[in-house]
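Summary of structural features
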Amino acid sequence: MWRASILTIFPDVFPGPLGASLAGKALAAGVWSLDVVDIRDFAADKHRTVDDTPAGGGPGMVMKADVLARAIDATATDSRPRLLLSPRGAPLTQARVEGLAGGSGLVLVCGRFEGVDERVIAARSLEEVSIGDYVLSGGEIAAMALIDACVRLLPGVMGAPVSGAEESFADGLLEYPQYTRPQLWDGRPIPEILTSGDHAKIAAWRRAEAERLTRERRPDLWAAFLRRFRSGSRTG
Ligand code: SAM
């Protein structure tokens, strides 16, 4: 079973949205498991202190290395990757999500305050992962996003296996536009080709739309796609 262990000072927010829909059903069915560890349980004082003022001064508080290390040592007793949610981390990608979903699970550390004492990141080999170039108040929402992205890829979680293969990023492209009935809504028809029944033409239209949207919206992805395509045609 794929196991997610989350270290947080807000254990009550889990499973939150992970308890609903596909992820929630899969959790109830035992496809994956979730252990939530309260970092405060590893504090050494009666106030259950997990933070202290930053060395060198400055605003805010920093999560203490000793308390967090005890929480990690009690939780990460196997070979699962240990990730620290952090805006300084490597940006999360679908390729990384696929890699994580293909393993045995993960241990996630949710930061709070100004962040985490640098020494525990090094001493416990935490890999920093970011869910985007913006700053959240804490790692919990980022942890939920990461777990949700992984869990939907676990075998048996999504309805049809093909639904993951055709999604945004699967081929380095954004997904083509989707439509459903009614055929005419608000004066806007569904593109005729999608109701033609000609599967080859539909596939070609979808591919062209995926390429157009990627070119228009994500020049970074489009450039990477072209590089891969060109090197593939040279070698192939
Ligand atoms: N002072 C830190 C900085 O400037 O990099 C920001 C700390 S933030 C207020 C508190 C915690 O939220 C972080 O330790 C991290 O766990 C989480 N967090 C914030 N933004 C994130 C992001 N983009 N991706 C992943 N985690 C994030």
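Quick notes on the rules
- Residues numbered from 1 in each chain as written.
- Predicted model: local features only at pLDDT ≥ 70, side-chain atom pairs only at ≥ 80, totals over all residues.
- Heavy atoms only, no water.
- 1 Å grid on protein atoms, 1.4 Å probe; cavity = no way out; pocket = protein on both sides within 12 Å on 5 of 7 lines; lining within 4 Å.
- Points joined across faces, edges and corners; volume = space filled by probe spheres on them.
- Helix = DSSP H or I, 4+ residues; strand = E, 2+ residues; numbered from the N terminus.
- Nonpolar A, V, L, I, M, F, W, Y, C, P; charged D, E, K, R; others polar.
- Near = heavy atom within 4 Å.
- Polar contact = N/O pair within 3.5 Å; in protein donor to acceptor, adjacent residues only side chain to side chain.
- Areas by Shrake-Rupley, 256 points an atom, 1.4 Å probe, with all protein chains shown as cover.
- Sits in = over half its atoms within 2 Å of the grid points.
- Pairing = 2+ DSSP bridges.
- Axes fitted to C-alpha atoms, helices over the stretch in contact; angles between N-to-C directions.
- Core = buried A, V, L, I, M, F, W, Y, C linked by side-chain atoms within 4.5 Å.
- Buried < 20%, exposed > 50% of the residue type's maximum accessible area, 1.4 Å probe, protein only.
- Contact = heavy atoms within 4.5 Å.
- Expected span 1.5 Å × (residues − 1).
- Arc of directions from axis to C-beta.
- Domains from an automatic or database assignment.
- Parallel < 35°, antiparallel > 145°, perpendicular 65-115°, else oblique.
- Left-handed = near helix turned anticlockwise from the far one by under 90°.

1. What to know about the layout of surface pockets
Quantified by volume, the largest pocket comes out at close to 420 Å³. Along the walls of the largest pocket sit 25 residues, with L85, S86, P87, E114 and G115 positioned nearest its centre. Contributions of two or more residues to the lining of the largest pocket are made by β5 (82-91), α4 (118-123), β7 (127-130) and α5 (139-151). Across the lining of the largest pocket, the residue classes tally to 12 nonpolar, eight polar and five charged. Taken as a whole, the second largest pocket encloses approximately 320 Å³ of empty space. Around the second largest pocket, the lining comprises 13 residues; the ones closest to its centre are T93, Q94, A95, F169 and L221. For the lining of the second largest pocket, the elements supplying multiple residues, two or more each, are α3 (94-101) and α8 (219-235). The element that contributes the greatest number of residues to the lining of the second largest pocket is α8, accounting for four residues.

2. Focus on the site of the ligand
If you check the shell around the ligand, you find 20 residues, and the closest are L85, G111, E114, Y134 and L136. In the model, a nitrogen atom of the ligand is placed 2.9 Å from a nitrogen or oxygen of the L136 main chain. With respect to the ligand, the backbone of G139 contributes an N or O atom lying 3.5 Å from an oxygen atom. In the complex, the protein chains occlude 83% of the 580 Å² of accessible area that the ligand would expose alone. Most atoms of the ligand, that is more than half of them, are within 2 Å of grid points of the largest pocket.

3. Some details on the sheet that holds strand β1 (residues 2-8)
In space, the five strands of this open sheet follow the order β2-β1-β6-β5-β7, with parallel pairing throughout. The open sheet has two edge strands, β2 (32-38) and β7, and neither has a second partner. Across the sheet, the axes of successive neighbouring strands diverge by a mean angle of 35°, strand direction being ignored. Sheet analysis places β1 next to strand β6 (residues 105-110), joined by five bridges and oriented parallel. Bridge pairing in β6 places A4 opposite L106.

4. Quick word on the nonpolar core
The biggest cluster of nonpolar side chains holds 28 residues, and the ones touching the most others in it are W2, W32, L106, L146, I147 and V151. Looking at this core, the elements that each hand over two or more residues are β1, α1 (21-28), β2, β5, α3, β6 and α5. Top contributing element to this core by residue count: α5, with eight residues. The contacts of I147, once residues within four sequence positions are left out, are W2, A4, I6, L18, W32, L34, L106 and L108. V107, V116, I121 and L126 belong to the second largest nonpolar core, which has 21 residues in total.

5. Observations regarding helix α7 (residues 199-217)
Taking 1.5 Å of rise per residue, the 19 residues of α7 would be expected to cover 27 Å, and the 26 Å separating its terminal C-alpha atoms lies within 8% of that figure. The complete set of buried residues in α7 reads I202, W205, E209, A210, L213 and T214. Down the axis of α7, the sector holding all buried residues measures 160°, keeping them to one side. In α7, the exposed positions that point more than 90 degrees away from the buried face belong to A200 and K201. N-cap assignment for α7: the residue whose side-chain oxygen lies 3.3 Å from the backbone N of A200 is D198.

6. A few points about the domain arrangement of the protein chain
Partitioning the protein chain into domains gives domain 1 (2-151) and domain 2 (166-235). Between domain 1 and domain 2, the C-alpha centre-to-centre distance is 35 Å.

7. Remarks on the packing of α3 against α5
Helix packing geometry: the angle between the two helix axes and the distance between the axes. Where α3 contacts α5, the axes come no closer than 8 Å and their chain directions differ by 70°. Judged on the interaxial angle alone, α5 and α3 are roughly perpendicular. Along this stretch, α3 crosses α5, giving a crossing that reads as right-handed. Across the interface between the two elements, V97, L100 and A101 of α3 pack against L146, A149 and C150 of α5.

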